[in-house]
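For reference, the chains in residue letters:
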Amino acid sequence: MKKNLLFLLSLLAMGFGFIACNEDDTTDYSDFYEWKAQNDAVMLRMHDYQNRLGQNAYFTDTIKSLAEPLSYRCLYRVITPANEDSLRALNKWYTPYYTSTLKMHYTLYDPKSVMKKLPADEASFNDPSVMDKIFFDSENKADTLESQQVTFFENFTCASVIVGWAEILQHMHIGDNWLVAIPWYLAYGQAGNSTIDPYSNLYFRMELVDITKLGGPVPEGSGVIDK
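Since the structure is predicted, the reported quantities are computational estimates derived from the model, not experimental observations. (Residues numbered from 1 in each chain as written. Predicted model: local features only at pLDDT ≥ 70, side-chain atom pairs only at ≥ 80, totals over all residues. Heavy atoms only, no water.)

1. Observations regarding helix α3 (residues 33-53)
Line of reasoning, step 1. Taking 1.5 Å of rise per residue, 21 residues should cover 30 Å, and α3 covers 30 Å from first to last C-alpha, within 8% of that figure.
Line of reasoning, step 2. Considered for burial, the residues of α3 that qualify are Trp 35, Asn 39, Asp 40, Val 42, Met 43, Met 46, His 47, Tyr 49 and Gln 50.
Line of reasoning, step 3. On the buried face of α3, the contacting elements are β1 (61-62), β2 (75-80), α5 (111-117), α6 (122-125), β5 (177-182) and β6 (202-213).
Line of reasoning, step 4. Just downstream of α3, Gly 54 is the residue with a positive phi angle, here 60°. (Helix = DSSP H or I, 4+ residues; strand = E, 2+ residues; numbered from the N terminus. Expected span 1.5 Å × (residues − 1). Buried < 20%, exposed > 50% of the residue type's maximum accessible area, 1.4 Å probe, protein only. Contact = heavy atoms within 4.5 Å.)

2. Regarding the pattern of salt bridges
Line of reasoning, step 1. Under the definition given, this model contains 7 salt bridges.
Line of reasoning, step 2. One salt bridge in this structure joins Asp 48 and Arg 52, with 3.1 Å as the shortest N-O distance. Placement of both Asp 48 and Arg 52 in helix α3 is noted, with a separation of 4 residues, approximately one turn of the helix.
Line of reasoning, step 3. Taking relative accessible area as the criterion, Asp 48 reaches 33% and is therefore assigned partly exposed.
Line of reasoning, step 4. Residue Arg 52 is classed as partly exposed on the basis of its relative accessible area of 46%.
Line of reasoning, step 5. A salt bridge links Lys 92 to Asp 210, with the shortest nitrogen-to-oxygen separation between them at 3.4 Å. With Lys 92 in the loop between α4 (84-89) and β3 (101-109) and Asp 210 in strand β6, this pair connects stretches of sequence that are 118 residues apart.
Line of reasoning, step 6. Among the charged side chains, a salt-bridge network with shared partners connects Asp 48, Arg 52 and Glu 122. (Salt bridge = Lys/Arg side-chain N within 4 Å of Asp/Glu carboxyl O.)

3. Regarding the sheet that holds β5
Line of reasoning, step 1. Ordered by their spatial adjacency, 6 strands build an open sheet running β1-β2-β5-β6-β3-β4, and the pairing between neighbours is antiparallel. On the outer flanks of this sheet lie β1 and β4 (150-157), each paired with one strand and no other. (Pairing = 2+ DSSP bridges.)

Structure representation (structure tokens):
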């Protein structure tokens with residue numbers, strides 16, 4: 001239990017500051033430049049498919065980001081949508097603020113395993129029957145990083161997690177279950193962390209379980225997404 005808690009803290013405790021911190025990083029990351037090129041190429045490919053195919057692409061939607069270029073925006077596919085009628089009846093049809101307190105489930109898929117399994121051809125890449133097996137079959141989840149679905153990761157805000165999560169969560173409703181692709185630039189950047197290699201795109205299944213405290217808009221001009 002203690003080991004899992006330490007993993008969760010190391011995985012999610014980083015916020016918006018990681019890019020600025022890395023500007024003064026003198027570490028030699030040249031061993032990971034090929035990995036960076038592979039991750040950049042995959043993101044550009046996903047965005048190309050989404051731009052050309054729209055709802056016919058596997059990752060059907062892009063989150064508009066403060067980060068540029070286009071390859072550094074998050075993509076997602078809705079697995080299960082929120083129940084709008086039910087949420088409206090409860091007066092909960094809203095999305096989180098940057099300062100909201102949240103509860104969620106998530107699964108992290110091992111970046112290297114995903115990279116190895118992604119199809120080379122466009123038809124297979126955008127075929128749900130092919131792509132879903134990469135992320136959802138128990139056989140494929142066996143070699144993922146801490147592959148269990150985390151139950152009720154809670155009492156956190158968008159301000160306390162990686163940039164990609166912060167941007168995605170502010171577009172989700174309670175009950176939304178999404179598969180998301182986060183570029184390395186909005187995850188752990190060039191430095192990575194103790195379990196994530198530098199320049200790694202991250203792939204999550206994320207379900208927003210509840211907004212336990214709505215909070216409010218961030219001050220204007222703060223540099224983060226406002227509602």
